[in-house]
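Below, each chain spelled out in residue letters.
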Amino acid sequence: MKRFLKIQYLIIPVLILAGLFFVKNRNDIELTPADKAKPVLIDSVHNQEVNYKYGFPIDNFQLEEYKVKRNQTLSVILDQHKVSSKLIHEIAQKAKKVFNVRKIKSDRKYAMLFTKDSLKTAEYFIYENTPKEYIVFNLTDTIQVYKGQKEITTVRKQVKGTIESSLWNAMVEVGADPVLSMELSDIYAWTIDFFGIGKGDEFNVIYDEEMIDGKSIHQIKVIAANFVHHKSNNYAFAFKDGDKDGYFDEEGQSLQKAFLKAPLRFSRISSKFSNNRFHPVLKRYRPHHGIDYAAPTGTPVMTIGDGIVVKKGNQNQGGGRYLKIKHNSVYSTTYMHFSRFGKNVGVGARVKQGQVIGYVGASGLATGPHLDFRVHKNGTAINPLKMKSPPVAPVSAKNVTAYNIIKYQLLLELGVEESIAEKEFALDSSITSLH
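Rules used throughout
- All chains use their own residue numbering, which begins from 1 and follows the written sequence.
- Residue-level local features of this predicted model are given only where pLDDT is at least 70; pairs of side-chain atoms are given and counted only at 80 or more, and the full residue set underlies all totals for whole chains, interfaces and linings.
- Only heavy atoms go into the side-chain values, all of them from the structure, while hydrogens and water stay out.
- Starting at the N terminus, helices and strands are each numbered in turn, a helix being any DSSP run of H or I of at least four residues and a strand any DSSP run of E of at least two.
- When a residue's accessible area, from a 1.4 Å probe over protein chains only, is under 20% of the maximum for its type it is buried; when over 50% it is exposed; and in between it is partly exposed.
- Each accessible area is a Shrake-Rupley estimate made with a 1.4 Å probe; only the visible protein chains count as cover when residues are assessed.
- We call two residues in contact when some of their heavy atoms are within 4.5 Å.
- Between any two strands, at least two bridges found by DSSP are needed for them to pair.
- Axis definition: a line fit to C-alpha positions, over the contact stretch in the case of helices; interaxial angles, taken between N-to-C directions, run 0 to 180 degrees.
- What we call a nonpolar core is a set of buried Ala, Val, Leu, Ile, Met, Phe, Trp, Tyr and Cys residues that are connected through their side-chain atoms within 4.5 Å.
- Side-chain atoms alone can form a polar contact between residues adjacent in sequence; in general such a contact is a pair of N or O atoms within 3.5 Å, and within protein one must be able to donate a hydrogen while the other accepts it.
- Each residue carries a pLDDT value, the predictor's own confidence for that position, ranging from 0 to 100.

1. Considerations on the overall build of the protein chain
The secondary structure content of the protein chain amounts to eight helices and 25 strands. Counting every position in the protein chain, which comprises 435 residues, the buried fraction comes to 43%. Just so you have it, the protein chain exposes about 23,900 Å², and 50% of that area is on carbon and sulfur atoms.

2. Here we look at the side chain of S332
With respect to the helices and strands, the residue S332 is situated in strand β21 (residues 331-341). Residues contacting S332, with those up to four places away along its chain left out, are K324, I325, K326, H327, R374, V375 and H376.

3. Describing the environment of N71
Note that N71 resides in the loop between β4 (62-67) and α2 (74-80). C-alpha separation for the pair N71 and K105, spaced 34 residues apart in sequence, amounts to 8.3 Å.

4. So, the sheet that holds strand β12 (residues 235-241)
As summarised here, the arrangement of the five strands in space is β9-β10-β11-β12-β13, forming an open sheet in which the pairing is antiparallel. Of all strands in the sheet, those bounded by a partner on one side alone are β9 (153-162) and β13 (244-248). Neighbour-to-neighbour, the strand axes of this sheet turn through a mean angle of 35°, independent of strand direction. Both strand β10 (residues 202-212) and strand β11 (residues 215-228) contribute to a ladder of ten bridges, which runs antiparallel. The residue of β11 that forms the bridge with I212 is K215. Packing against the sheet, helix α5 (residues 179-187) makes contact with β9, β10, β11, β12 and β13, and its axis sits at approximately 45° to β11.

5. What about the nonpolar core?
Among the nonpolar cores identified, the biggest contains 27 residues, and Y293, Y335, I357 and L371 are the most heavily contacted of them. Mapped by element, the contributors of at least two residues to this core are β17 (291-294), β20 (320-326), β21, β23 (356-360) and β24 (370-377).

6. Regarding the side chain of N226
Structurally, N226 can be placed in strand β11. Here the side chain of N226 touches N234 through a polar contact of 3.0 Å, landing on its backbone nitrogen. When near neighbours in sequence (up to four residues on either side) are disregarded, N226 contacts Y188, E202, F203, N204, N233, N234 and Y235.

7. A few points about the confidence of the model for the protein chain
A residue-level look at the protein chain finds 80% of positions with pLDDT of 70 or above and a mean pLDDT of 82. Contacts from residues 1-40, a stretch scored under 50 in pLDDT, to residues over four places away or in other chains number 58 contacts.

8. Describing the sheet that holds β4
Reading across the sheet, the five strands line up as β4-β5-β6-β7-β8 and stay open at both edges, with antiparallel pairing between neighbours. Single-partner strands in this sheet number two, and they are β4 and β8 (144-149). Looking at each pair of strands side by side, their axes are set apart by 20° on average, direction ignored. The pairing of strand β6 (residues 122-128) with strand β7 (residues 133-138) spans five bridges and is classified as antiparallel. Counterpart to Y127 in the pairing with β7 is I135. In this fold helix α3 (residues 85-95) packs onto β7 and β8, with an angle of close to 55° to the strand it touches most, β8.

Structural data, given as structure tokens:
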């Protein structure tokens, strides 16, 4: 009986909170009544299924689907389907407040709905602007242009795996969308050096994946994860603390820190911090107080933290195109060998953590494309890989109980035994009292 009450008291608040937490916002798109129809309805008169697509009872039309070819415009597309020049002009004018027809892009899908009679008159042109959104052009007497949104299904998934070569390959091996590896690199960007992960590291991830027509649209939201790096557990739980979404560890500390762990994604360290490194161009030993990240030319480089650009220039006999950013009274960072700078990053510009400030290149003294990244603390160069970054605010006191309920449930879903979860992971006193 005690166990039953325990489960009952846990499940009720979990369901309530989970319902509040996992509600997804949708774009404010104004839809016509047809767009609000379900994909499949039952014709009550004939007792038959009615199939809907793009908000239309599709069996009432002759449907033809295509992809936009290179250099095709709205007028070219509609002209080949025997739509008059006058109507094309009118529909383009009508679309101005809804969609810029000049932004129709090659390789995007579109559909034509024709009458099912011998005349085969084009009645609707539907352009898929994004995987989620489409634009309907009504070519009938009541000329109209409006946006529609496909029905999105969210599927909860869980994957586990061990890295043999790379995280990307490991995701493929367990049948997960490789995009998940990018999501994990963002979540753990402040706590795990993803350039240092390797064989034997493990992952266990619970995530939501958005699907349209049974196919993934590569939109993923990680709900909970444990990344085992160097045999140490690294937990992450999604939680909305007030009006701020974030990821927190088992103690309620934010995974986001003042500085990112690395300034670029998925590369390799080609040269480490050293007081006596052999320079490949100068052919002599000298200090190298930074980390070299080898990456293809054009790879985006991000600032590891908020700050102000204090230097920008080009050292032909040194760091090439470089930037120096002052983050606070203690820390500053320098980024060298850019192929080009990012937008709006002149001296005096304020930059935000994760903002692209430049692109990998080989300017200055470099044998190949790479980023030379340096960190100074109180004016002294330090090893970026050993820098400890202070965390941002933990879960607020008023939401600790709610967080612990969700965390506890997710720990069980990740496979942590109930007895271990109770013993090893901090729980709010009100949750503990339910046991």
